[in-house]
Structure formats: structure tokens, C-alpha cells
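Fold and contact review
Single-letter residue listing:
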Amino acid sequence: MNARTSRALKPLPLPLWIQGAIEALIAAVISAMLVLIPLVVIWSGGGFSATGIDFIASLGGQTWLAIHGVPLHLSLESGTTADALLTGTFWFLPWGLVLLPFFLGWRAGRRLARASYRDQIWQALAGGAVAYAAVGLATSLLVPDAAVSVNPAWGTLIPTALMVLALLAGARREAGTWARLIGVNLADRIERLSQHSRWAGSYVWSVVRAGAVGLIASFGLAAALMAVQIGLHWADIAQVYQELNAGIWGGAVVTVAQLGIMPNLAMWTLAWTSGAGFSLGTGSVVAPLQTLVGPQPAVPVLTALPVGLEPAWSWLFLLLPVAGGFLAGWWLLREGENHLDEWLSLKIARRWASLTLSTLALGVLVALATAALAILPFWLSTGSLGVGRLTDLGPTAWLASVMLGGLVGLGAMFGYLVSPAWEKYQYVVPEDWDDEDGEEPDSGGDSGRR
């Protein structure tokens, strides 16, 4: 075989849009299999009464759409009369289960970024979006039955948006910078701005990041509180498992479903620590200073709800977001750039006055940043089971975000003011300092910092 024949037989690289489509289809198939396999195992073991495999396939498709955030319209028989129907919309985004397709898309995005040149990632994203949209549309048209209907538009757009976001996140992670990914160098554009504009932008960016630190820290503290509650009520949770008597595979599915909603429950706990509380059905409220709930579904983890706490002590849990804000203020002192404080110190001679004004402004701005960053996660943690009382689940997003922002902003002011007490240090001048040439002698790695 000569060299010309060898070059002719060398496989040609696939176009980027085809690679993107293949990666998206692989992600769709794997995520669908992760949903279908447990359902098939339960069905083969005698679950779902006397249903056929077509019912399992339809249920699997409906579940696949649901974990992508697609609303399902329900029409269920009430059981009182033959003609009476209970109608409603099931929409609940289990964050833990959403991570399955998102992670698959994230890995696909990293592989596509490695296969793309600068400014070409859009081709792979376009191919992946079209392929995933086709899967979502086909699923929306094939899985509806007498009890569940799906809007094909939502069934196409919502999974596609989630996959494009995952592909873009993975591609950005692999590229390292937006300049390498899309060819736009933001740093060069910022350098063209005036000095005052750069200072203002740096301050705003520091405040936004401080708000993110406060939100993440508060969420972590709320998740720890939820874990403690689950540990304290473990016996009640085990009792509900026994009452369900779902068998090995049924119990496993219940456990996986609960793990899928754990991040949602952590957000509800965060809303509880903000004072806004959350709802577990129409007319119910679970808050530090008031708890009013009705009959709940047999979900074991719900037995760990913070009910029955004394209001005289419950308000202390409001200090958790304040502690998260304290960490944000400490972070801003160490890593951020408080140009507003610098500017006020030049304009106002008395330091106590300039520091007071800049700290108050910092608290307000961090509160606004935290509220703006929290409102979407709070809203995405809510949902509806479609029928009965459970059509209002989760916190009121705007109220929870405003109250959380206020507590985080309050903590940020304290953190920024108090942190210098342990961040300050002194330089001790060694006795053998050479004053003539101004150079510090070699002290074996010890710079004299205390």
C-alpha cells in the first residue's frame, strides 16, 4: 500500500455539529436508561399491579421529562363518581435527579471543547441542541396517556435549555477562559475603560461575589441543620419505612427519590432560617415563629420537619444566615476591593464617619446581591404535585430572598467591621537590620512577620 492510498483510507474527522448531536444523544440515552432500569426491575418483580411493558415505557418517559422540569398535566379519577376527575399540573424539579442529565451534558461539553477550535464551539452546541430537542419532542408525543398529557413545546424547549446550559458549562470548564471558548477577551475590553469605571466595576463585582459567599455559606449551614434534624428523627423515619412495606426495590426507589429532593429540602430549610418559612400544601406554613400543617403524604423524610419547636427559641436559628453574612464580610475584607470605602475616606476627614457610611452601604448592597442571587434557586425549589392540597410546595421565593438578603447583609456589616481584629499583623524589625542599604538580612526563610 503506497502513501497515497494510506492517506485516502485515513478517516475524516466528523463535523462539529455531528459530534455535538452524538454527544447529546448519548447523554439522552444514558439518562433515560437510568430512569427506566429501576422501573423495569420493580415491574419484573410484580410491582405496578397487572400493567404491561408499554405502561412502564410511558411512565419512564414521563419521569424523564419530569426530572428535566417539564410540567405534566394530570387527569385522575377521584374515586367518588365515575365521571369526576381531579385535574392539575405536576411540576417539581428534584435537584438531585436533575444532576444526572446535567452531569452527562457537562462531560459532553468538555469533550466537545477539546474537539473545537476557538469561535467554533457554537457549531457543536447547535448540533447538540437540535438532537436533544428532537429527543424531547419525540418523548412528549409518545408518552402521554389518559392520565398524563404533555405540552410538546415545553417538552422540547425545557430539556434543550438544560442540556445547552450543561454543554456550555462543561465547555467553559475545559477552555478555562471565555477568550479561548468564544474568542472574546473580557480583560482586554475592561482595560480600555477609564480608571473610575474599573474601580466601580471592581467594587460591584466584589459585592456580588460577597453576596454569593453569603448565600453559599447560609445554604451550607441550613443543610447541616437539616442533617441534624434527620439524625434526631431517624427512628420516626424508619417507622414510616416499615409502614410503607414497599419491599426491597420499592424502598430503594423511595430512598433514591428522597435523595433527589434533598437539595430542595435544604433550600426549604434555608427559607425557614430566614424567617419566611415554606409551605407543605395549600393553607399550611412551616416557619420559626409559626407552624401549621395538615395531613402529609407518607414520605419518610418529612417526619424530620422542624415542627413543635418553641417560638421562644426558634428565632435563634435566624442567626444562621447572619453567620453566613459574617463570613461574606470577612471574605470581602480579605479578597474583595472596597473602593467605595477608599473613596469616602478621601472625601470625609473623620474616619469613623467614612467607615460607618461605607459599611452601611456595603450591608445594603450585599443584601441586594444575595436576594437577587437567591430568588431563582428559591423559585426552582418550589413545585406542585398537581392534585389535592399539595399544589403549593416550598417557600415564597421573593419573600424568602428578601428576608435572607437582609440577614446576610446584616452579618456582612459585622463581619467586615470585626474581622480586622484578627486579620491585622505587625512587622517586627530584626535587630541586625541593615539600615545603610535598606536590605533585609537572610533569616533562613523567616521574614520577620508576626
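Description of the structure in this document. (Residues numbered from 1 in each chain as written. Predicted model: local features only at pLDDT ≥ 70, side-chain atom pairs only at ≥ 80, totals over all residues. Heavy atoms only, no water.)

What about the overall build of the chain?
- Check the secondary structure of the chain and you find 17 helices and 8 strands.
- Expressed as a percentage of its 450 residues, the buried residues of the chain come to 38%.
- For the chain, contacts bridging at least 24 residues in sequence account for 73% of all contacts bridging at least 6.
- Per element, the accessible surface of the chain, about 25100 Å² overall, is 67% carbon and sulfur. (Helix = DSSP H or I, 4+ residues; strand = E, 2+ residues; numbered from the N terminus. Buried < 20%, exposed > 50% of the residue type's maximum accessible area, 1.4 Å probe, protein only. Contact = heavy atoms within 4.5 Å. Areas by Shrake-Rupley, 256 points an atom, 1.4 Å probe, with all protein chains shown as cover.)

Focus: helix α6 (residues 152-175)
- Between the first and last C-alpha of α6 there are 34 Å, a value that for 24 residues agrees with the 34 Å anticipated at 1.5 Å per step.
- Those residues of α6 that fall on the buried side of the exposure criterion are Gly155, Thr156, Pro159, Thr160, Leu162, Met163, Ala166, Leu167, Gly170, Ala171 and Ala175.
- Between the side-chain oxygen of the N-cap and the backbone nitrogen of Ala153 there are 2.9 Å, and the N-cap of α6 in question is Asn151. (Expected span 1.5 Å × (residues − 1). Polar contact = N/O pair within 3.5 Å; in protein donor to acceptor, adjacent residues only side chain to side chain.)

Structural notes on the pairing of strand β2 (residues 85-92)
- Bridge count for strand β1 (residues 72-77) against β2 is 6 bridges, and the pairing is antiparallel. Within β2, the residue paired with Leu76 across the bridge is Leu86.
- In terms of strand pairing, β2 meets strand β7 (residues 383-385) through 3 bridges, oriented antiparallel. Residue pairing for β7: Phe90 is matched across the bridge by Leu385. (Pairing = 2+ DSSP bridges.)

Quick notes on the pattern of salt bridges
- Within the structure shown, the criterion is met by 3 salt bridges.
- In this structure, Arg111 engages Glu23 in a salt bridge whose closest nitrogen and oxygen atoms are separated by 2.7 Å. Here the residue Arg111 occupies a position in helix α4 (residues 95-115), and Glu23 occupies one in helix α2 (residues 16-44), the gap between them amounting to 88 residues.
- Notably, a salt bridge pairs Glu174 with Arg110, separated by 2.9 Å at the nearest N-O pair. Residue Glu174 is found in helix α6, and its partner Arg110 is found in helix α4; the two are separated by 64 residues along the sequence.
- Overall, the relative accessible area of 22% leaves Glu174 in the partly exposed class.
- In the salt-bridge network here, residues are joined through shared partners; they are Arg110, Arg114 and Glu174. (Salt bridge = Lys/Arg side-chain N within 4 Å of Asp/Glu carboxyl O.)

Comments concerning the side chain of Thr156
- Take Thr156: it is sitting in helix α6.
- Setting aside chain neighbours within four positions, we find Thr156 in contact with Ala133, Gly136, Leu137 and Ser140.

Quick word on the packing of helix α13 (residues 319-335) against helix α16 (residues 397-418)
- Packing of α13 against α16 brings their axes to within 6 Å, and their N-to-C directions diverge by 45°. Viewed along their axes, α13 and α16 adopt a mutual orientation that is oblique. Handedness of the crossing formed by α13 with α16: right-handed. When α13 is examined against α16, the residues Pro321, Val322, Gly325, Phe326, Gly329, Trp330, Leu332 and Leu333 are found in contact with a partner set consisting of Leu404, Leu407, Val408, Gly411, Ala412, Phe414, Gly415, Tyr416 and Val418. (Axes fitted to C-alpha atoms, helices over the stretch in contact; angles between N-to-C directions. Parallel < 35°, antiparallel > 145°, perpendicular 65-115°, else oblique. Left-handed = near helix turned anticlockwise from the far one by under 90°.)

A short note on the packing of aromatic side chains
- Per the counting criterion, the structure on display carries 6 aromatic pairs.
- Measuring from ring centre to ring centre gives 5.2 Å for Trp272 and Phe317, while their planes differ by 55°; the resulting arrangement is tilted. In this pair, Trp272 is assigned in helix α11 (residues 247-274) and Phe317 in the loop between α12 (311-314) and α13, connecting sequence segments 45 residues apart.
- On the accessibility criterion, Trp272 (2% relative accessible area) is buried.
- With relative accessibility at 26%, the residue Phe317 sits in the partly exposed group.
- Grouped by ring-pair contacts, the aromatic residues Phe92, Trp268 and Phe278 constitute a single cluster. (Phe/Tyr/Trp six-rings, centres within 6.5 Å; stacked < 30°, edge-to-face > 60°.)

So, the pairing of β1
- Judged from the 3 bridges that link them, β1 and strand β3 (residues 148-150) form a sheet pairing that is antiparallel. The residue bridging His73 from the neighbouring strand is Ser149, located in β3.

With respect to a nonpolar patch on the surface
- Nonpolar side chains collect at one region of the surface, where Leu14, Ile22, Ile26, Ile30, Leu34 and Leu100 lie side by side and expose about 470 Å² of accessible area between them.
- With 4 residues, the top contributor of residues to the nonpolar patch is α2.
- Residue classification places Leu100 among the partly exposed residues on the basis of a relative accessible area of 35%. (Patch = residues over 30% accessible without salt bridge, like charges linked within 9 Å, V, L, I, M, F, W, Y side chains within 5 Å.)

Looking at the packing of helix α3 (residues 53-67) against helix α5 (residues 121-142)
- For the pair α3 and α5, interaxial distance at closest approach is 10 Å and the crossing angle is 130°. For the element pair α3 / α5, the angle class is oblique. As for the relative orientation of α3 and α5, their crossing is left-handed in sense. Facing α3, whose interface residues are Gly61, Trp64 and Leu65, α5 presents Tyr132, Val135, Gly136, Thr139 and Ser140.
- Class assignment for the residues of the contact of α3 with α5 results in 4 nonpolar, 4 polar and no charged. (Nonpolar A, V, L, I, M, F, W, Y, C, P; charged D, E, K, R; others polar.)

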